[in-house]
Amino acid sequence: MRRAPFHHSALIVDSDETLRDRLAPLIERGMVAHEPMLMVVTARTEGIIRGILGLTATRVVWGDSSGFYRSLGTAYEMFRRYLVRQHRNGQRVHVVAEPSFDRTDLPVAVSRVSEYLAYEAVCNQVYAPYGCPVTCLWDSRSQSPSVIDQVRGLHPYEIGPYGRTRQPRFVSSEAYLRERANRGLGAVPEANDLDIFPTEDMAPVRAAVNAWAFSAGFDEAMAGDVVVAVSEIIANAFVHGSAPVRLRCWRDGGTLVAQVDDAGGAPIPSEAGYIPPDNISPGGRGLWLARQLADVVLTSSQNGVTSVRLHFPYAVTVANHD
Amino acid sequence: VYTPTGPDGLCLVWRDGDRLCLDGDIDQTNADVLRPDLIEDIRAGVVDFDLTSVRFFGAAGVRLLLALRAEASDRGTVLRVACAPMVRRVLDICGVSDHEAWTLMGPPEPGRAACPTGEN
């Protein structure tokens, strides 16, 4: 049997009137159709919608948007697990999500928004089996025109003035991820806290990374996240790449950054670490773990070197343990 | 009986009554070395695993435990696995915690409600 299309829609907000003219009617239509709705939006958007809808707003479930301050991979996976539970219970819930990206201490040069767009791409495939429509609010007053342009391309539908329409400029997630896979990582600072050429015996490397994270004020559990993610990337470098493998670690403001290079130069499959592993298969969990534990994870393979750079903003790493 | 396994005794394995205890790091250098002996132990009737002293646990550890779980599943038994926080965290993140062939002990990850078997 052919599966119903996954209604992953973008709603571009350029004014409060757009919320009134596009989001409020969407909710009202859902209520008329007895379609349960989960709203995970900013406090500001919630206030505006409650003001417009009055009592109708009480029929919507208002979720907690603090999940967006966990690592990006975790935020995306928490949504997926919610959809799995609804699907298992035979429920079709329309999820309206408004990602928020401020309030982290990532270096300014590193774009959380850009990394989140990879998850917008891959969820076209990953969220599709659960039969729940997902509508994403993106505010063009706080995002660049280029980001809004990419957002449109990554959603097969858009909520316009007359409701949901198909997006003619939709880009497949494969094409999008492939294109972004080789953007390059930017320079590594000349002075690092750690600069190690690990061997396959990684106990000493793990001890060094653990001590480094401790010295930056990470507690035992948070340092454990850094150690696991870095170890997985090094293990992958030995399995899929080739020696010498080099680990460099540095601090950028409140963010711990770790980069692993190997001399294989093999490209990392563009979807690696974005597709949830199943409950049975033996392999394919290293990059998944890294993308869940770290926040922004950048990869590149250029000039015969394959690199993975992991970012652990302090606040995000704390929130990942809430 | 202490059985050092892997480089520099990365992980120690010993029996404590009916329980099998693992102490140390489980990674890609020793997971495959540990597996045949642990599977033999399950065939000999061991169902209790104490991983509360495991310090490092990643994808290779998940792969090892899934092999043990598959063995238990084939035998129709249910493993009881006591987890260090790191072990539980990694299993929960990988979505393998819920399965009829094992019961994980140790607090589950906050905010990471487990995925039902076969749906992820």
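The rules behind the values
- Residues numbered from 1 in each chain as written.
- Chains lettered and ligands numbered in written order.
- Predicted model: local features only at pLDDT ≥ 70, side-chain atom pairs only at ≥ 80, totals over all residues.
- Heavy atoms only, no water.
- Helix = DSSP H or I, 4+ residues; strand = E, 2+ residues; numbered from the N terminus.
- Buried < 20%, exposed > 50% of the residue type's maximum accessible area, 1.4 Å probe, protein only.
- Contact = heavy atoms within 4.5 Å.
- Areas by Shrake-Rupley, 256 points an atom, 1.4 Å probe, with all protein chains shown as cover.
- Rg over C-alpha atoms; globule rule 2.2 N^0.38 Å.
- Lys, Arg positive; Asp, Glu negative; His and termini not counted.
- Charge placed at Lys NZ, Arg CZ, Asp CG, Glu CD.
- Buried area = accessible area lost by both parts, 1.4 Å probe.
- Salt bridge = Lys/Arg side-chain N within 4 Å of Asp/Glu carboxyl O.
- Pairing = 2+ DSSP bridges.
- Polar contact = N/O pair within 3.5 Å; in protein donor to acceptor, adjacent residues only side chain to side chain.
- Core = buried A, V, L, I, M, F, W, Y, C linked by side-chain atoms within 4.5 Å.
- Phe/Tyr/Trp six-rings, centres within 6.5 Å; stacked < 30°, edge-to-face > 60°.
- Lys NZ or Arg CZ within 6 Å of the ring centre and 35° of its normal.
- Right-handed = clockwise from strand over helix to strand, strands pointing away.
- Axes fitted to C-alpha atoms, helices over the stretch in contact; angles between N-to-C directions.
- Parallel < 35°, antiparallel > 145°, perpendicular 65-115°, else oblique.
- Left-handed = near helix turned anticlockwise from the far one by under 90°.
- Nonpolar A, V, L, I, M, F, W, Y, C, P; charged D, E, K, R; others polar.

So, the overall build of chain B: which residues are in play, and what are the values?
Tallying secondary structure elements over chain B gives three helices and six strands in all. From first element to last, N terminus to C terminus, chain B shows the α and β order β-β-β-α-β-α-β-α-β. Of all 120 residues assigned to chain B, the portion counted as buried reaches 53%. A sequence separation of at least 24 residues applies to 56% of the contacts in chain B between residues at least 6 apart. Total accessible area on chain B is roughly 4,900 Å²; 50% of this is exposed by carbon and sulfur atoms.

Which residues make up the overall build of chain A, and what values do they have?
The helix and strand inventory of chain A stands at ten helices and twelve strands. Here chain A has a C-alpha radius of gyration of 21 Å; the compact-globule value for 322 residues is 20 Å, and the two agree. Across its three principal directions, the C-alpha atoms of chain A cover 60 × 45 × 40 Å. Taken as two groups, the 31 positive and 35 negative side-chain charges of chain A have centres that lie 8 Å from each other.

Residues and numbers for the interface of chain A and chain B, please.
In this assembly, 37 residues from chain A lie in contact with 36 residues from chain B. Each partner contributes to the roughly 2,900 Å² buried at the junction of chain A and chain B, and carbon and sulfur atoms together form 53% of this total. Contact with chain B buries surface across chain A, with Arg81, Arg206 and Asn279 of chain A losing the most and accounting together for 24% of the total. A salt bridge links Asp225 of chain A to Arg89 of chain B; the shortest N-O distance between them is 2.8 Å.

Explain the sheet that holds strand E3 (residues 61-62) of chain A residue by residue, including any values.
All names here are of chain A. Across the sheet, seven strands lie side by side as E3-E2-E4-E5-E1-E6-E7; this open sheet has mixed pairing. The sheet is open, and its two borders are formed by E3 and strand E7 (163-166), each paired with just one other strand. In terms of strand pairing, strand E4 (residues 94-97) meets strand E5 (residues 134-139) through three bridges, oriented parallel. Directly across from Val95, in E5, lies its bridge partner Val134.

An account of the environment of Ala57 of chain A is needed here, citing residue identities and associated values.
Residue and element names in this part refer to chain A. Its place among the elements puts Ala57 in the loop between helix H2 (43-53) and E3. Residues Ala57 and Phe312 lie 255 residues apart in sequence; the distance between their C-alpha atoms is 37 Å. If near-sequence neighbours (up to four positions away) are discounted, Ala57 is found in contact with Arg50 and Trp62.

Account for the environment of Asn320 of chain A, with residues named and values stated.
Residue and element names in this part refer to chain A. With respect to the secondary-structure elements, Asn320 resides in the segment after helix H10 (314-319). Overall, the relative accessible area of 0% leaves Asn320 in the buried class. Only 3.3 Å separates the side chain of Asn320 from the backbone oxygen of Gln292, close enough to count as a polar contact.

Could you give an account of unusual backbone geometry, with specific residues and numbers?
Residue and element names in this part refer to chain A. Look at the link from Ala243 to Pro244: it is a cis peptide, with omega at 0 degrees. Following the sequence through the fold, Pro244 ends up in the loop between helix H8 (220-240) and strand E9 (245-252). Phi is positive for His34, close to 55 degrees, though the residue is something other than glycine. Within the chain, Asn303 stands out as a residue other than glycine whose phi angle is a positive 50 degrees. Take Asn303: it is sitting in the loop between strand E11 (297-302) and strand E12 (305-313).

Give me the lowdown on the nonpolar core, citing residues and values where you can.
With 115 residues, the main nonpolar core has Trp138 and Leu310 of chain A together with Phe49, Phe57 and Leu91 of chain B as its most contacted residues. Broken down by element, the residue count for this core peaks at twelve residues, all from H8 of chain A. Contacts of Leu310 of chain A, omitting those with residues within four sequence positions, involve Ala229, Val230, Ile233, Leu256, Val257, Ala258, Ala290, Ala294, Val296 and Val297 of chain A.

So what's going on with the packing of aromatic side chains? Which residues, and what values?
For any pair of aromatic rings, the description rests on two quantities: the centre-to-centre distance and the angle between the ring planes. With the rule as written, the count across this model stands at seven aromatic pairs over all chains. Three or more aromatic residues joined by ring pairs make a cluster, and in this case those are Phe68, Phe79, Tyr116 and Trp138 of chain A. One cation-aromatic arrangement involves Arg206 of chain A over Phe56 of chain B; the distance from NZ or CZ to the ring centre is 4.0 Å. Sitting over the face of the ring of Trp102 of chain B, Arg69 of chain B holds its NZ or CZ atom 4.9 Å from the ring centroid.

Talk me through the pairing of strand E5 (residues 79-83) of chain B; I want residue IDs and the actual numbers.
Residues and elements named next belong to chain B. Taking burial as the measure, the five residues of E5 include four buried ones, the bulk of the element. Pairing geometry for strand E4 (residues 48-57) and E5, over four bridges, is parallel. Following the sheet pairing, Phe49 is matched in E5 by Val81. As defined by bridge partners, E5 adjoins strand E6 (residues 102-105) across four bridges and the pair is classed as parallel. Paired with Ala82 across the bridge in E6 is Met105. Handedness of the crossover joining E5 and E6 through helix H3 (residues 85-93) is recorded here as right-handed.

Now, about the environment of Asp98 of chain B: what can you tell me, with residues and values included?
In this fold, Asp98 of chain B is placed in the loop between H3 and E6. Taking the C-alpha atoms as reference points, Asp98 of chain B and Thr77 of chain B, separated by 21 residues in sequence, lie 15 Å from one another.

Could you give an account of the packing of H8 of chain A against H3 of chain B, with specific residues and numbers?
Their axes nearest at 11 Å, the elements H8 of chain A and H3 of chain B cross at an angle of 55 degrees. Taken together, the axes of H8 of chain A and H3 of chain B lie oblique to each other. Here H8 of chain A runs over H3 of chain B; the crossing is right-handed. When H8 of chain A is examined against H3 of chain B, the residues Gly224, Asp225 and Val228 of chain A are found in contact with a partner set consisting of Met86, Arg89 and Val90 of chain B. Taken together, the residues of the contact of H8 of chain A with H3 of chain B break down into three nonpolar, one polar and two charged.

Read these as geometric descriptors, not functional statements.
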